[in-house]
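Each chain, written out:
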Amino acid sequence: MIKITYVEHNGREHVVDVPRGATIMEGARDNGIPGIEADCGGACSCATCHVYVDPSWVGKLPPKEAMENDMLDFAFEPDPVRSRLTCQIRVNDGLEGLVLRMPEKQV
Ligand code: FES
């Protein structure tokens, strides 16, 4: 299990253990964390699993694929550097301690 911190827009933190191989979106969904809706179930076609990655983690994540990049255009107030779609990132050992912040709303 890998510890990930999800921070709601109001500042409330949720520190949860997410299994290796699950996506960050699944970690939020399976732990009942509000703020990540994931309407398409992880198919990279809704942009409602958008988060802002903590600046200290931006360079440690796998790069965005073209599909994620395109879909982020539909997210609410995307940031060109910090925004990611959580259904497109699988949890691995290198993500221990990852911190993510939720946008004010999803689309
Ligand atoms: Fe729909 Fe990530 S869950 S784009």
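Cut-offs and rules
- Residues numbered from 1 in each chain as written.
- Predicted model: local features only at pLDDT ≥ 70, side-chain atom pairs only at ≥ 80, totals over all residues.
- Heavy atoms only, no water.
- Helix = DSSP H or I, 4+ residues; strand = E, 2+ residues; numbered from the N terminus.
- Phe/Tyr/Trp six-rings, centres within 6.5 Å; stacked < 30°, edge-to-face > 60°.
- Lys NZ or Arg CZ within 6 Å of the ring centre and 35° of its normal.
- Core = buried A, V, L, I, M, F, W, Y, C linked by side-chain atoms within 4.5 Å.
- Buried < 20%, exposed > 50% of the residue type's maximum accessible area, 1.4 Å probe, protein only.
- Contact = heavy atoms within 4.5 Å.
- Pairing = 2+ DSSP bridges.
- Axes fitted to C-alpha atoms, helices over the stretch in contact; angles between N-to-C directions.
- Salt bridge = Lys/Arg side-chain N within 4 Å of Asp/Glu carboxyl O.

Visitor: Whenever I open this one, unusual backbone geometry confuses me. Can you help?
Guide: Excluding glycine, a negative phi dihedral is what most residues carry, and trans is how most peptide bonds are arranged. Although it is not a glycine, Glu 77 adopts a positive phi angle of roughly 45°. Tracing the sequence through the fold places Glu 77 in the loop between α2 (66-72) and β4 (83-85). For Val 107, which is not a glycine, the phi torsion comes out positive at approximately 35°. Relative to the assigned elements, Val 107 resides in the segment after β5 (98-101).

Visitor: Which parts of the structure should I look at to understand the packing of aromatic side chains?
Guide: In this description, a pair of aromatic rings is defined by centroid distance and the angle of the planes. Summed over all chains, the structure comprises zero aromatic pairs. Above the plane of the ring of Trp 57 lies Lys 60, whose end atom (NZ or CZ) is 4.7 Å from the centre.

Visitor: Quick question: what am I supposed to make of the nonpolar core here?
Guide: As a rule of thumb, nonpolar side chains are buried together in soluble globular proteins. Ranked by size, the top nonpolar core spans 30 residues in total, and within it Ile 4, Tyr 6, Ile 24, Ile 36, Leu 95, Leu 98 and Leu 100 carry the most contacts. Among the elements of the structure, β1 (2-7), β2 (13-18), α1 (24-30), β3 (50-53), α2 and β5 are those that each provide at least two residues to this core. Contact partners of Ile 24, with chain neighbours within four places excluded, come to Ile 4, Tyr 6, Thr 86, Ile 89, Val 91, Leu 95, Leu 98 and Leu 100.

Visitor: Help me understand the pairing of β5, please; the structure alone is not making it clear to me.
Guide: The pairing of β1 with β5 spans four bridges and is parallel. Each bridged residue has a counterpart across the sheet, and for Ile 4 the counterpart in β5 is Leu 98. Pairing geometry for β3 and β5, over two bridges, is antiparallel. Note that in β5 the partner of Tyr 52 across the bridge is Arg 101.

Visitor: What should I look at first to understand the sheet that holds β3 in this one?
Guide: Pairing between sheet strands relies on hydrogen bonds along the backbone, with the strands arranged either parallel or antiparallel. Strands sit in the order β2-β1-β5-β3-β4 across an open sheet of five strands; the sheet is mixed. Of all strands in the sheet, those with a lone pairing partner are β2 and β4, marking the two edges. Strand after strand, the sheet turns through a mean of 35° between neighbouring axes, direction not considered.

Visitor: Just to check I follow, could you spell out the environment of Lys 105 for this structure?
Guide: Mapping Lys 105 onto the fold places it in the segment after β5. Take Lys 105: its relative accessible area is 44%, and that puts it in the partly exposed class. A C-alpha to C-alpha distance of 9.1 Å links Lys 105 and Glu 77, two positions 28 residues apart in sequence.

Visitor: What's the story with the pattern of salt bridges in this structure? I'm lost.
Guide: Opposite charge on two side chains permits them to pair, given that their charged atoms come into close proximity. Per the stated rule, a full pass over the model turns up seven salt bridges. In this structure, Arg 29 engages Asp 30 in a salt bridge whose closest nitrogen and oxygen atoms are separated by 3.0 Å. A residue is classified by how much of its surface remains accessible, and Arg 29, at 47% relative accessible area, is partly exposed.

Visitor: Explain the side chain of Glu 68 to me, please; I cannot follow it from the model alone.
Guide: With respect to the helices, strands and loops of the structure, Glu 68 is situated in helix α2. A residue is classified by how much of its surface remains accessible, and Glu 68, at 2% relative accessible area, is buried. Discounting chain neighbours no more than four positions away, the residues touching Glu 68 are Cys 44, Arg 84, Leu 85 and Gln 88.

Don't take any of this as a statement about function, it's just geometry.
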